[in-house]
Amino acid sequence: MLTEDQAALLLEQSDVVAIPTETVYGLAARIDRPEAIEKIFRIKERPSFDPLIVHVSSIEQAKLYANEWTEIHQKLASQFWPGPLTLVVSKNDKVSTVITSGLDSVGLRYPQHLLTLSLINKIGVPLAAPSANKFGKTSPTTAQHVKESLPEVEILDGGDCKVGIESTIVSIQNGSSVKVQLLRPGMIQWTQIKEALSGFQVEFIDSNKKIMAPGNLEDHYMPELPLVLVETQVAKSELKFKIKEIYKKEFNNFVELILSKEAVIAARELYAQLRKLSQSQSDAIYFQVEEYMKNEDWLPIMDRITKASTFKI
Ligand code: TXA
Ligand code: MG
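Residues numbered from 1 in each chain as written. Chains lettered and ligands numbered in written order. Predicted model: local features only at pLDDT ≥ 70, side-chain atom pairs only at ≥ 80, totals over all residues. Heavy atoms only, no water.

> Could you clarify how one ought to interpret the overall build of the protein in this entry?
Each helix and strand in the protein was counted, giving ten helices and 13 strands. Relative to a compact globule of 313 residues, whose C-alpha radius of gyration would be 20 Å, the protein shows 20 Å and is just as compact. Taken along the three principal axes of its C-alpha coordinates, the protein extends 60 × 45 × 30 Å. Buried positions account for 56% of the 313 residues belonging to the protein. Summed over its atoms, the accessible surface of the protein is roughly 14200 Å², and 49% of this surface lies on carbon and sulfur atoms. In the protein, 35 side chains carry a positive charge and 40 a negative one; their mean positions are 3 Å apart. (Helix = DSSP H or I, 4+ residues; strand = E, 2+ residues; numbered from the N terminus. Rg over C-alpha atoms; globule rule 2.2 N^0.38 Å. Buried < 20%, exposed > 50% of the residue type's maximum accessible area, 1.4 Å probe, protein only. Areas by Shrake-Rupley, 256 points an atom, 1.4 Å probe, with all protein chains shown as cover. Lys, Arg positive; Asp, Glu negative; His and termini not counted. Charge placed at Lys NZ, Arg CZ, Asp CG, Glu CD.)

> Even after reading the chapter, I still don't get helix H4 (residues 71-80), so can you show me in this structure?
One turn of an α-helix holds 3.6 residues; hence residues three or four places apart share an orientation. Within H4, the full set of buried residues consists of Ile72, His73, Leu76, Ala77 and Phe80. Down the axis of H4, the sector holding all buried residues measures 125°, keeping them to one side. Tucked into the core, H4 has its buried residues touching helix H3 (59-63), strand E4 (85-90), strand E7 (168-173), strand E8 (178-184), helix H7 (190-196) and strand E9 (202-205). (Arc of directions from axis to C-beta. Contact = heavy atoms within 4.5 Å.)

> Can you help me understand helix H1 (residues 4-12) in this one?
Restricting attention to buried positions, one finds in H1 the residues Ala7, Ala8, Leu10 and Leu11. Seen from one end, H1 has its buried residues packed into an arc of 165°, which puts them on one side. Tucked into the core, H1 has its buried residues touching strand E1 (17-19), strand E2 (26-30), helix H5 (114-123) and strand E6 (127-129). Just beyond H1, the residue with positive phi is serine 14, at close to 65°.

> Can you help me understand the sheet that holds strand E11 (residues 254-256) in this one?
Note: strands within a sheet are paired through backbone hydrogen bonds, in either parallel or antiparallel orientation. Here we have four strands laid out as an open sheet, ordered E11-E12-E10-E13, and parallel in their pairing. A single partner strand is all that each edge strand has here, and the edge strands are E11 and strand E13 (311-312). Alignment of strand E10 (residues 227-230) against E13, held across two bridges, turns out to be parallel. Its bridge partner lying in E13, leucine 229 is registered against lysine 312. Across the sheet, helix H8 (residues 236-247) lies against E10, E11, strand E12 (284-288) and E13, angled at about 120° from E11, the strand it touches most. Strand contacts of helix H9 (residues 263-278): E10, E11 and E12, with the helix running at about 140° to E12, the strand carrying the most contacts. (Pairing = 2+ DSSP bridges. Axes fitted to C-alpha atoms, helices over the stretch in contact; angles between N-to-C directions.)

> Even after reading the chapter, I still don't get the environment of serine 149, so can you show me in this structure?
The residue serine 149 is located in helix H6 (residues 143-149) in this model. Sequence separation between serine 149 and asparagine 133 is 16 residues; the distance between their C-alpha atoms is 5.6 Å. Ignoring sequence-local partners within four residues, the contact set of serine 149 consists of Ala132, Asn133, Lys134 and Arg275. For serine 149, the side chain forms a polar contact with the side chain of arginine 275, separated by 3.1 Å. (Polar contact = N/O pair within 3.5 Å; in protein donor to acceptor, adjacent residues only side chain to side chain.)

> Is there a simple way to explain the packing of H1 against H5 in this structure?
A pair of packed helices can be characterised by two numbers: the angle between their axes and the separation between those axes. Running from amino to carboxyl end, H1 crosses H5 at an angle of 50°, the nearest separation of the two axes being 10 Å. Taken as axis vectors, H1 and H5 run oblique relative to one another. Two packed elements cross with a definite hand, and for H1 against H5 that hand is right-handed. Contacts between H1 and H5 involve Glu4, Asp5, Ala7, Ala8 and Leu11 from the first element and Leu115, Ser118, Leu119, Lys122 and Ile123 from the second. A per-class count over the contact of H1 with H5 returns six nonpolar, one polar and three charged. (Parallel < 35°, antiparallel > 145°, perpendicular 65-115°, else oblique. Left-handed = near helix turned anticlockwise from the far one by under 90°. Nonpolar A, V, L, I, M, F, W, Y, C, P; charged D, E, K, R; others polar.)

> Looking at this structure, how should I read the packing of H9 against helix H10 (residues 299-308)?
Closest axis-to-axis distance for the H9/H10 pair is 9 Å, and the angle between their directions is 25°. By the angle between their axes, H9 is roughly parallel relative to H10. H9 and H10 meet at a crossing whose hand is left-handed. On H10, the residues touching Ala263, Ala266, Ala267, Leu270 and Tyr271 of H9 are Ile301, Arg304 and Ile305. Considering only residue class, the contact of H9 with H10 consists of seven nonpolar, no polar and one charged.

In structure tokens:
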């Protein structure tokens with residue numbers, strides 16, 4: 001485990017470091033160290049078409065990398081930062097296209113974790129960081145998770161992540177009209193974003209309308225044991241037969257993923273639970289979907305669970 005000074009030194013020397021944020025741990029590199037950026041993609045086995053989020057420690061710093069900063073940018077940043085919101089904005093040439101996968105936009109986030117903010121302040125340069133897991137697998141919410149997923153990586157240990165699932169991603173596109181689009185749901189709700197911008201001339205685009213964030217693939221957040229999403233009322237004793245009938249797969253032992261009814265707590269527990277259950281002596285994990293999970297506060301949790309699941313009955 002690293003001290004802040006050691007982390008700063010490694011980053012200075014073009015290395016990568018795992019950093020805590022309020023959402024999940026990130027695998028960070030300085031945005032002015034191209035070799036380190038490439039190392040992120042290598043260690044994660046991440047396809048180069050999947051852009052990285054740039055983490056800053058102030059709104060002023062975010063503005064240095066944006067092509068333009070309108071009242072809309074300022075409103076969302078001042079209301080939700082520091083916090084679990086990423087703003088995808090038109091970038092300037094201070095951000096390399098290796099970070100943005102060739103896009104002319106950049107995802108900017110001012111996270112709420114004192115250790116990481118202090119590190120970025122010390123360095124004076126933002127940190128590009130995806131979640132600190134192998135591509136497509138469950139994101140880490142503790143330093144121990146990072147160690148299990150990426151054993152070769154040095155870690156700045158900031159304790160357990162308070163939010164537990166990745167940030168809400170919203171893009172702002174300026175043209176003849178301003179378009180604001182939800183690219184990935186998170187614990188900051190789409191309704192909150194729309195309310196914050198209610199005084200502005202904006203066209204809102206929901207994420208259901210196909211164009212999603214690159215890298216936001218159907219198979220993501222996958223635990224080591226297969227996850228079965230149970231949307232109908234099926235007794236545990238029947239699961240085995242249902243799966244065999246539909247998928248021709250033979251599972252004998254199931255373990256249930258049980259989450260708090262409180263969305264905020266459920267989000268915090270989700271990834272740790274998926275990891276823990278993956279280590280049980282079972283063949284598969286199952287999750288029973290309930291009516292209250294259709295509420296907006298559950299949307300980001302259900303998004304992750306759906307993408308993490310392999311079977312649906
Ligand atoms: O909470 C989080 O956002 C965490 C912590 C570490 O900050 N980070 C995270 O990064 O979830 P990652 O790489 O797992 O997901 C970032 C996603 C990319 O897959 C992509 O979909 C989207 O952000 N993204 C980044 N830059 C983008 C851009 N310029 N345009 C559209 N989508 C972008
Ligand atoms: Mg990720």
